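# Structural overview for review
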Amino acid sequence: MKRKETPKLALWKFASCDGCQLSLLDCEDELLAVAGAVQISHFLEASRAVVKGPYDLSLVEGSITTAHDAERIHQVRRASKRLVTIGACATAGGIQALRNFKDVREFIKIVYATPEYISALETSTPISAHVKVDFELRGCPISKSQLIETISAFLNNRKPVTPPHSVCLECKLRGNVCVMVAHGVPCLGPVTHAGCGALCPAYNRGCFGCFGPQETPNTTSLSDQLSRLNVQRDELVRMYRGFNAGAKPFRRESEKNEE
Amino acid sequence: MVTFIYFNYMITENNNSFLRIEREDLQGLIEALAESGYRVIGPTVRDGAIVYDEVEKLDDLPAGWTDEQQPGSYRLKRRDDRALFGFNVGPHSWKKFLHPPNLRLFQAKRNDKGFEISNDNQPAPDLVFLGVRACELHAIAIQDKVFINGPYVDSVYGERREKAFVVAVNCGQAGGTCFCTSMKTGPRAESGFDIALTEVIETDQHYFVAEAGSERGVEILEKTRTRKADESEKKKAVEIVEFAASRMGRNLDTTGIKELLYRNHDHPRWEDVASRCLTCANCTMACPTCFCTTVEDTTDLTGDHAERWRRWDSCFTTDFSYIHGGSMRVSVKSRYRQWMTHKLAAWIDQFGTSGCVGCGRCITWCPAGIDITEEAAAIRKNELQRENKEQQDGNA
């Protein structure tokens, strides 16, 4: 039983670094299989050739930071049967969501010689704040294997296997020694969503929280424990304000430590 | 005491002789095992902890190292001797060798007629577990009950278990989170081993007192340089373990614990522990008896090839209790209560023993330092107060 038509895949970029889109090009071993399974119809990072919509699957990278993009995301949604966000920017607002805690006009004044040329919204918001999202793939950047898994799941009409539990579970499956317990290294692993395969702890680094909050993050308890490891409150604020600063549990915890 | 149904460990008068092995001759034991076709897994220092990994020579063992353990804290420290087993249990347990964290159950390939299923299980490796502590022997015995002694046999576990050659080591010290005496699982290795060793260190001598627990244990000891242990050496070996028994870092009162926890499913302490619990699942991963798994199905991009994988799961995830319509244990309270009540109470109804062996891993490796002995004690203490109060109210 073969599929009738080759589904059309589109990639869209909003405010982002392009790293998540590049993850697809990075899938060297699987790229031919992807190109065989779907018609890559809109992927400006790879090709100027664009096939007209509608698209069966749209992968959206980046957050909404301009009035123009706030309009454009609705066009993307209208042209897409399924819309999947890829990465921390599209899912939580990205590192650029740090502006949400300050006055963006101040930043613009400092950075740009001619601030009046810049037209930016006051906040950086995830795609889900603007349109209906069918699935969110976490990570900064996303994991290549989870991207292939998500595309495979879409093609086979099943749910992607991207468990929402903590990084700790992956750490233990891998046989890592806990950096927090054995070395006193501050680590966001217990409150962070799995997906990276516990990459940083495998190299004796604490987790930076790239995949955002896990399903039921107890940030209050983790902050208490980090304080016992002599992490000061201002440092706690910085820890939670990484690539997923805009994700609600991390945002709230950072604000609590700022008071 | 857990009884072994599947394996024949025997200690009879004839071969229950105690032997003395000099420290350096332990290399000979490792070689004898390797020559018999085994891969030897034992304690070794890696990433600031004593983990279980392949060891080929005496130098691979953590000579002169010990560990200091407290709730949420583990530190390696130097000893002032050359002890090879002068530490307590670390982050790993033997579970990972008997019950693999990730396992492909089968592959399916599409063909003209439908699907072709292939089970590509590799034959179980021939492993030696060198340095198994008494609590760990009990943990293995508990998993035997779960996986092979019941009506549904896990063949992957069974084959690995049957092949494993167990060299137990009696504890000469207890860690800060140890409570095996409370659970009656140690510190002496009493059964379930092929060979048991006790390390004796004195100013002028350093040796092991060895005893065989099976025929194959006898055979390996025959290939190792040993001599008969004399009475004073045997006595020392006993005293060393008695010393460890007197130094437990923790204590868990197990009196009527099943009824205690069943009675207190609405105790306020569950809310209290929920405020500290990270639901990170570290305790269940580190626990040598926790056995839960989930299955994950994957397909490739073409849809012509599918795989089913089994991996360790934890009752601290919401997916664990997901049934049609949602997760049954949404609150952290319900998840911690499920874990602890199963471990200390429901396990007794289900498998006939406690699910806890008092190894202390869940205490040490909890990033928030939650202590199962403290939680149980808090429930007991508050219940007593409640009863006393009721009594006083009754008297008044």
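Residues numbered from 1 in each chain as written. Chains lettered and ligands numbered in written order. Predicted model: local features only at pLDDT ≥ 70, side-chain atom pairs only at ≥ 80, totals over all residues. Heavy atoms only, no water.

Let us now look at the pairing of strand β9 (residues 165–169) of chain B. Residue and element names in this part refer to chain B. Along β9, five of the five residues are buried, which leaves the element largely enclosed by surrounding structure. Every second residue of β9 is oriented toward a common face, with F165, V167 and V169 on one face and V166 and A168 on the other, all of them buried. Note that strand β8 (residues 127–132) and β9 share four bridges and pair parallel. Note that in β9 the partner of V128 across the bridge is F165. Here three bridges tie β9 to strand β10 (residues 195–201), and the two strands are oriented parallel to one another. Counted as the bridge partner of V169 is L197 from β10. (Buried < 20%, exposed > 50% of the residue type's maximum accessible area, 1.4 Å probe, protein only. Helix = DSSP H or I, 4+ residues; strand = E, 2+ residues; numbered from the N terminus. Pairing = 2+ DSSP bridges.)

Think of a pair of aromatic rings as described by two things: how far the centres are apart, and how the planes are tilted against each other in angle. All names here are of chain B. Counted under the stated rule, the structure contains 19 aromatic pairs over all chains. When the ring of F85 is compared with that of F208, the centres are 6.0 Å apart and the planes differ by 80 degrees; the resulting orientation is edge-to-face. Pair noted here: F85 is in the loop between β5 (73–78) and α2 (95–98) and F208 is in strand β11 (residues 206–212), with a separation of 123 residues, a long-range link. Judged by its relative accessible area of 4%, F85 falls in the buried class. Judged by centre distance (6.3 Å) and plane angle (45 degrees), the rings of W270 and Y336 are tilted. Taken together, the residues W270 in helix α9 (residues 269–276) and Y336 in helix α11 (residues 332–351) connect sequence positions 66 residues apart. (Phe/Tyr/Trp six-rings, centres within 6.5 Å; stacked < 30°, edge-to-face > 60°.)

Time to look at helix α6 (residues 215–222) of chain B. Residues lying three or four places apart along an α-helix face the same way, a consequence of the helix completing one turn every 3.6 residues. Residues and elements named next belong to chain B. The complete set of buried residues in α6 reads G217, V218, I220 and L221. Projected down its long axis, α6 carries its buried residues within an arc of 165 degrees, all on one side. Looking at the buried side of α6, the elements it contacts are β1 (19–22), α1 (26–35), β9, β10 and β11. (Arc of directions from axis to C-beta. Contact = heavy atoms within 4.5 Å.)

We now examine the interface of chain B and chain A. Listed per partner, the contact involves 47 residues of chain B and 40 residues of chain A. Taking both sides of the interface into account, the surface hidden between chain B and chain A amounts to around 3,300 Å²; carbon and sulfur atoms contribute 53%. The interface formed by chain B and chain A holds zero salt bridges in total. Summed over the shared surface of chain B and chain A, the result is 21 residue pairs in polar contact (both at pLDDT 80 or more). Listing elements by their share of the side of chain B that touches chain A, those giving two or more residues are β3 (49–54), β5, β6 (102–110), α9, α10 (282–286), β13 (293–299) and β14 (305–312) of chain B. At four residues, β13(B) tops the list of elements feeding residues into the side of chain B that touches chain A. Class assignment of the residues belonging to the side of chain B that touches chain A gives a composition of 19 nonpolar, 16 polar and twelve charged. (Buried area = accessible area lost by both parts, 1.4 Å probe. Salt bridge = Lys/Arg side-chain N within 4 Å of Asp/Glu carboxyl O. Polar contact = N/O pair within 3.5 Å; in protein donor to acceptor, adjacent residues only side chain to side chain. Nonpolar A, V, L, I, M, F, W, Y, C, P; charged D, E, K, R; others polar.)

Moving on: the nonpolar core. Residue and element names in this part refer to chain B. Counting residues in hydrophobic clusters, the biggest one holds 93 residues, and the most contacted among them are L197, Y336, W339, M340 and L344. Counting residues per element, this core draws most heavily on α11, at six residues. In this structure, L197 is in contact with I21, L26, L29, V167, A168, V169, N170, F208, V209 and A210, ignoring residues within four places of it in sequence. Formed by 33 residues, the second largest nonpolar core is a distinct cluster that contains V132, C135, V166 and F291. (Core = buried A, V, L, I, M, F, W, Y, C linked by side-chain atoms within 4.5 Å.)

Reports of interface size often rely on the accessible area that becomes lost once the parts have come together. All names here are of chain B. On domain assignment, one finds that chain B holds domain 1 (19–245) and domain 2 (257–395). Taking the mean C-alpha position of each, domain 1 and domain 2 sit 27 Å from one another. Opposite the 42 residues of domain 1 that make contact, domain 2 presents 40 residues. Carbon and sulfur atoms supply 60% of the area buried between domain 1 and domain 2, which totals about 3,500 Å² over both sides. Together, K95, I142 and F179 form the three largest contributors to the area buried by domain 1 at its contact with domain 2, with a combined 17%. At the surface where domain 1 touches domain 2, the tally comes to four salt bridges. The salt bridge involving D154 is made with R310; its shortest N-O contact spans 2.9 Å. For the pair domain 1 and domain 2, the interface holds 34 residue pairs in polar contact (both at pLDDT 80 or more). Within the residue set of the side of domain 1 that touches domain 2, elements represented by two or more residues are β4 (65–70), β5, α2, β6, α3 (134–147) and α5 (180–183). For the side of domain 1 that touches domain 2, a count of residues per class yields 20 nonpolar, 14 polar and eight charged. (Domains from an automatic or database assignment.)

Residues and elements named next belong to chain A. One can read the domain layout of chain A as domain 1 (8–155) and domain 2 (167–258). Each of domain 1 and domain 2 was reduced to a C-alpha centroid, and the two centroids are 25 Å apart. Approximately 1,200 Å² of surface area, both sides summed, lies buried where domain 1 meets domain 2, with 63% of it carried by carbon and sulfur atoms. For the domain 1 face of the interface with domain 2, the top three residues by lost area are F101, R138 and C140, together amounting to 46%. If you look at where domain 1 meets domain 2, you find zero salt bridges. Summed over the shared surface of domain 1 and domain 2, the number is three residue pairs in polar contact (both at pLDDT 80 or more). Among the residues forming the side of domain 1 that touches domain 2, the class breakdown is eight nonpolar, four polar and one charged.

On to the environment of B:T198, then. Residue and element names in this part refer to chain B. Summarising the element assignment, T198 is placed in strand β10. According to the relative accessible area criterion, T198 is buried, its value standing at 5%. Put simply, T198 and E219 are 21 residues apart on the chain and 19 Å apart in space, counted from C-alpha to C-alpha. Among all residues touching T198, those that are not within four sequence positions of it are N170, Y207, F208, V209, A237, I240 and V241. Looking at T198, its side chain comes within polar contact range of the side chain of N170, at 2.9 Å.

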